[in-house]
Amino acid sequence: MNITNYKDFRFSKLLSPQYNHLLYALYWPFFGIMFLTVERLWIRDSYYPMYCPLDDLIPFCEWFIIPYFFWFVYLVGIHIYTLLFDTESFKRLMVFIMVSYTIAILIYILFPNCQQLRPVVFERDNVLTRFIAHFYVFDTNTNVFPSIHVIGSAATLCCAWHTKHFSSTCWRIAFTVMAVLISVSTVFLKQHSVLDLLGAIPVCAIAYIAAYGKRRRRKNNISR
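Let us look at the structure shown here. What you see is a predicted model, and the numbers here were worked out from it, not measured in a lab. Numbers given for residues are sequential positions, taken from 1 along each chain in its written order. Totals for whole chains, interfaces and linings use every residue, but because this is a predicted model, local features are given only for residues with pLDDT of at least 70 and side-chain atom pairs only at 80 or more, for both listing and counting. The basis for every side-chain value is the complete set of non-hydrogen atoms in the structure, without hydrogens or water.

### A short note on a nonpolar patch on the surface
There is a patch of nonpolar side chains on the surface, built from Ile3, Val76, Ile80, Leu84 and Phe85 and spanning about 440 Å² of accessible area. Only DSSP runs of H or I covering at least 4 residues are called helices, and only runs of E covering at least 2 are called strands; the numbering of each starts at the N terminus. Counting through the fold element by element, Ile80 comes out in helix 3 (residues 65-85). In this analysis, a patch consists of residues with relative accessible area above 30% that form no salt bridge, clustered at 9 Å for like charges and at 5 Å for the nonpolar side chains Val, Leu, Ile, Met, Phe, Trp and Tyr. In these tables, accessible area is a Shrake-Rupley quantity obtained with a 1.4 Å probe, and a residue counts as shielded only by the protein chains included in the view. A side-chain nitrogen of Lys or Arg and a carboxyl oxygen of Asp or Glu constitute a salt bridge if their distance falls within 4 Å.

What follows is the structure, given as structure tokens:
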């Protein structure tokens, strides 16, 4: 575990070995601009609807809004922890994010897609369904394949499993359960098709190899 002391940080030291990992964080504003462009500024004439018969068998359940929004705590939390207490894990997390999110953006550009699964009328009227109705207005139903929610959850899960502090069985179970709940919440809230979850798997596999493949090869070479 490498802990970075930020008390002496100056922008003039940004390129130094002690602080150059902060450059990885510059990817986030870049991604934000690209995502804003494909979501709000570059409106296509047509989008391919993502759908499979399994989507019809999954009922809408408003309670999944809790793990769905916990995703932000899950993802931001692992960034803050590794940034402060485990520089190497932060770098690998950011490599996973940069590779997977960039692939997702390229897919959105080359294959404009959407989902048409949201309920027109909710069967139940409560605080959660009213909140979701407002959220539907804010959040577009385009650029859903692959699911950014699933990719971000996988990035957090892989980072936790490769971070010494979270290497205990209890922590690994907790992070895994949370990643699963967040991922399935996207289909129970009708934010994504099952296809969007499946589409995230090969993207995450590529990102995992990019972020952690070298580490595993290095360990194998040392063991020899």
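### Observations concerning the layout of surface pockets
One number sums up the size of the largest pocket: a volume of about 580 Å³. Lining the largest pocket are 27 residues; nearest its centre among them are Phe35, Glu39, Tyr68, Asp139 and His149. Elements supplying a minimum of two residues to the lining of the largest pocket: helix 1 (27-41), helix 3, helix 4 (87-110), helix 5 (127-138) and helix 6 (148-161). Broken down by element, the residue count for the lining of the largest pocket peaks at six residues, all from helix 1. A class-by-class count of the residues in the lining of the largest pocket yields 15 nonpolar, eight polar and four charged. Buried and open spaces are told apart on a 1 Å grid over the protein atoms alone, a cavity being a set of points where a 1.4 Å probe fits but cannot get out and a pocket being an open set with protein on both sides within 12 Å along at least five of seven lines. Residues with an atom within 4 Å of a point are the lining residues. Grid points are joined across faces, edges and corners, and a volume is the space filled by probe spheres set on the points. When residues are sorted by character, Ala, Val, Leu, Ile, Met, Phe, Trp, Tyr, Cys and Pro go into the nonpolar class, Asp, Glu, Lys and Arg into the charged class, and all the rest, Gly among them, into the polar class.

### Describing the pattern of salt bridges
Evaluation of the coordinates by the stated rule reveals five salt bridges. With a shortest N-O distance of 2.8 Å, Glu62 and Arg124 are connected by a salt bridge. Taken together, the residues span a long stretch of sequence, with Glu62 in the loop between helix 2 (54-57) and helix 3 and Arg124 in the loop between strand 2 (113-114) and helix 5 at a distance of 62 residues. The exposure class assigned to Arg124 is partly exposed, which follows from its relative accessible area of 36%. A salt bridge links Arg92 to Glu88, with the nearest nitrogen and oxygen atoms 3.3 Å apart. Placement of the pair is Arg92 and Glu88 together in helix 4, with a separation of four residues, close to one helical turn. A 1.4 Å probe rolled over the protein chains alone gives each residue an accessible area, and that area as a share of the maximum for its type sets the label: buried under 20%, exposed over 50%, partly exposed in between. Residue Arg92 is classed as buried on the basis of its relative accessible area, which comes to 9%. When salt bridges that share partners are traced, they join Glu62, Glu123 and Arg124 into one network.

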